[in-house]
Amino acid sequence: MVTIRLARGGSKKRPFYHLTVTNSRNARDGRFVERVGFFNPVASGAEVKLSVNQERVNYWLSQGAQPSERVAQLLKDAAKAAA
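Residues numbered from 1 in each chain as written. Predicted model: local features only at pLDDT ≥ 70, side-chain atom pairs only at ≥ 80, totals over all residues. Heavy atoms only, no water.

When helices and strands are tallied, the protein shows 2 helices and 5 strands. Along the protein, helices and strands appear, N-terminal first, in the series β-β-β-β-α-β-α. Radius of gyration (C-alpha) of the protein: 13 Å, near the 12 Å computed for a compact globule of 83 residues. Each principal axis of the C-alpha distribution contributes one length, and for the protein these read about 35 × 35 × 20 Å. Buried residues in the protein amount to 29% of all 83 residues. Considering only contacts in the protein between residues 6 or more positions apart, those separated by 24 or more positions represent 32%. Surface exposure of the protein reaches about 5,500 Å², of which carbon and sulfur atoms provide 51%. Counting 14 positive and 6 negative side-chain charges, the protein places the centres of these two groups 7 Å from one another. (Helix = DSSP H or I, 4+ residues; strand = E, 2+ residues; numbered from the N terminus. Rg over C-alpha atoms; globule rule 2.2 N^0.38 Å. Buried < 20%, exposed > 50% of the residue type's maximum accessible area, 1.4 Å probe, protein only. Contact = heavy atoms within 4.5 Å. Areas by Shrake-Rupley, 256 points an atom, 1.4 Å probe, with all protein chains shown as cover. Lys, Arg positive; Asp, Glu negative; His and termini not counted. Charge placed at Lys NZ, Arg CZ, Asp CG, Glu CD.)

Core analysis: the biggest nonpolar cluster contains 14 residues, and I4, L19 and V36 have the highest contact counts within it. Residue assignment for this core shows that the elements contributing at least two residues are strand 1 (2-11), strand 2 (14-23), strand 3 (34-39), helix 1 (54-62) and helix 2 (69-82). When residues in this core are grouped by element, the largest group, 4 residues, is from helix 2. The contacts of L19, once residues within four sequence positions are left out, are R5, L6, E34, R35, V36, G37, F38, F39, V52, V71 and L75. (Core = buried A, V, L, I, M, F, W, Y, C linked by side-chain atoms within 4.5 Å.)

Inspection of every chain in the model, using the stated rule, returns 2 salt bridges. Between D29 and R28 there is a salt bridge, with its nearest N and O atoms 2.9 Å apart. Its relative accessible area of 49% is what places R28 among the partly exposed residues. (Salt bridge = Lys/Arg side-chain N within 4 Å of Asp/Glu carboxyl O.)

With respect to the helices, strands and loops of the structure, R5 is situated in strand 1. One buried charged residue, R5, remains without a salt bridge, the closest side chain of opposite sign being D29 at 7.7 Å. A polar contact of 2.6 Å, which involves the side chain of R5, links it to the backbone oxygen of N26. Setting aside residues up to four positions removed in sequence, R5 forms contacts with H18, L19, T20, T22, N23, S24, N26, A27, R28, S68 and V71. (Polar contact = N/O pair within 3.5 Å; in protein donor to acceptor, adjacent residues only side chain to side chain.)

The 5 strands are arranged 4-3-2-1-5 in an open sheet whose pairing can be described as mixed. Strands with a single pairing partner mark the edges of an open sheet, and in this sheet they are strand 4 (50-52) and strand 5 (66-67). Here strand 2 pairs with strand 3 via 5 bridges, running antiparallel. When the bridges of strand 3 are listed, H18 appears paired with F38. Sheet strands touched by helix 1: strand 1, strand 2, strand 3, strand 4 and strand 5. Its angle to strand 3, the strand with the most contacts, is close to 125°. (Pairing = 2+ DSSP bridges. Axes fitted to C-alpha atoms, helices over the stretch in contact; angles between N-to-C directions.)

Here it is as structure tokens:
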């Protein structure tokens, strides 16, 4: 199954996540089909906390991709911020 989930990056104690479209059987930080955004939970000041390519996310959701619980909440937040 194709999923939209977070892949961790960044350094120790400074997480940074990419929103990736991947096969659910692949490792968390392993092979992916496409990166569709990023999430920086420790952003401060003028740094961007969340960036999502909504057009590509909508395409993958229409193709049957399932978002993880956290990604679903982030997508809801991104849609609210865009409106």
